[in-house]
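Structural features, examined
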Amino acid sequence: MTGTPPDAGGAVLTVHEPMTRLTASAEGCSIVTRGLTKRFRGGQVAVNDLDLAVPRGSVFGFLGPNGSGKTTTIRMLLGLIAPTSGGWELLGTPMPGGAAGVLPRVGALVEGPAFYPYLSGEANLRRYDAADPSADPRTANARIGLALERVGLAAAARKRYRAYSLGMRQRLAIAATLLGPRELLVLDEPTNGLDPQGTREVRGLIKEVAAEGTTVFVSSHLLAEVEHMCSHLAVMRTGRLVAQGPISGFRELRAGGAVRIRVESPDTAEAAAVLAALGLEGIRAGDAEVSAELGDAAPERICAALVADGVAVRGLAVQRPSLEDVFVGLTGEGFDVDG
Ligand SMILES: Nc1ncnc2c1ncn2[C@@H]1O[C@H](COP(=O)(O)OP(=O)(O)OP(=O)(O)O)[C@@H](O)[C@H]1O
């Protein structure tokens, strides 16, 4: 394989445009995929030639619009479905051959676990624990107690599941993934359907688990969520990886994006003409505002030119691109910013 080495925690952002091939080495990575591809019967290519490198110890946001292939990728990683081609490693071990040794060290939340509404949180976890052949029944109490403690449900352990809030239910689902010591946690859209309070709870919990040294791989279609939680990001678009790297790299991409000047005015045609006469590019006119790329122009000169031309200026703002703009540029689609 040729091309860019994987970023295993450095400051390099790989933007796959045109698609570049990672020399994905397992060193320093909890997850590595090489050319991972899934074509469903019927011809749909859900994941296309995916090269991921997830640094050990990272909180890795796997971001993409609905249908971009996140769940399919996660299901392949966990051995729930077989890839059409390509390979992958978990915790430095080639898969699927190493599954028996590796999967007990990996906690996963893909489809929400089925809990019994009339049983307590603790009793539900006990059922989960009992179903795990690798778990020693003699230490079940300690394991369950610790898992409940870690997700902040120790006080509500005896409450029935049906009395739990949405956030508590999801924390219990995460507790079920933490019944053993895990080096890697894989969570598919863990805050989907949660209210803001539940989202905060789960986000806080993920940060705590990561602070204890567990690598967390978390998928989301919500940009705002991963932005505040993750150290690294990968962005998917229709089954392909468009960029991956530390979040700082995405912020740099934003800093390098075009700064725009926005003029609020009822005289949009005149304002646009003044901006054009000043040599500004990328002019966009709306109902009561006009914007353009600022380039090297000084905002105060633009303001003076508008006023000198008799344009009624109601507002003037210099705008840096948001991280949202960066993603729209990478994926061609917007993300739900607030959920
Ligand atoms: N079992 C299947 N058979 C055929 N097509 C499938 C199957 N599972 C998923 N797909 C298709 O593969 C594509 C990727 O789906 P996937 O669920 O992986 O995306 P996603 O990014 O997780 O989206 P979402 O956030 O909506 O779950 C979609 O077009 C989906 O319709």
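Computed from a predicted model, the values in this text were never measured in an experiment.

Examining unusual backbone geometry
Note the cis peptide between Met95 and Pro96, where omega equals 5°. Within the fold, Pro96 resides in the loop between β7 (93–95) and α2 (99–102). Even without being glycine, Leu91 reaches a positive phi, approximately 50°. Take Leu91: it is sitting in the loop between β6 (85–90) and β7. The buried category is assigned to Leu91, whose relative accessible area is 5%. Positive phi values are uncommon outside glycine, yet Thr238 reaches one of about 40°. Mapped onto the fold, Thr238 is located in the loop between β11 (232–237) and β12 (240–246).

Some points on the site of the ligand
The environment of the ligand is made up of Phe40, Gln44, Ala46, Pro65, Asn66, Gly67, Ser68, Gly69, Lys70, Thr71, Thr72 and Glu189. At 3.0 Å from an oxygen atom of the ligand is found a main-chain nitrogen or oxygen belonging to Ser68. Here an oxygen atom of the ligand sits 2.9 Å away from a polar atom, N or O, in the main chain of Gly69. Contact with the protein chains hides 61% of the accessible area of the ligand, taken as 630 Å² for the molecule alone.

Concerning the domain arrangement of the protein chain
Along its sequence, the protein chain is carved into domain 1 (14–254) and domain 2 (258–319). A C-alpha centroid distance of 46 Å is found between domain 1 and domain 2.

Quick notes on the rules
Residues numbered from 1 in each chain as written. Predicted model: local features only at pLDDT ≥ 70, side-chain atom pairs only at ≥ 80, totals over all residues. Heavy atoms only, no water. Helix = DSSP H or I, 4+ residues; strand = E, 2+ residues; numbered from the N terminus. Buried < 20%, exposed > 50% of the residue type's maximum accessible area, 1.4 Å probe, protein only. Near = heavy atom within 4 Å. Polar contact = N/O pair within 3.5 Å; in protein donor to acceptor, adjacent residues only side chain to side chain. Areas by Shrake-Rupley, 256 points an atom, 1.4 Å probe, with all protein chains shown as cover. Domains from an automatic or database assignment.

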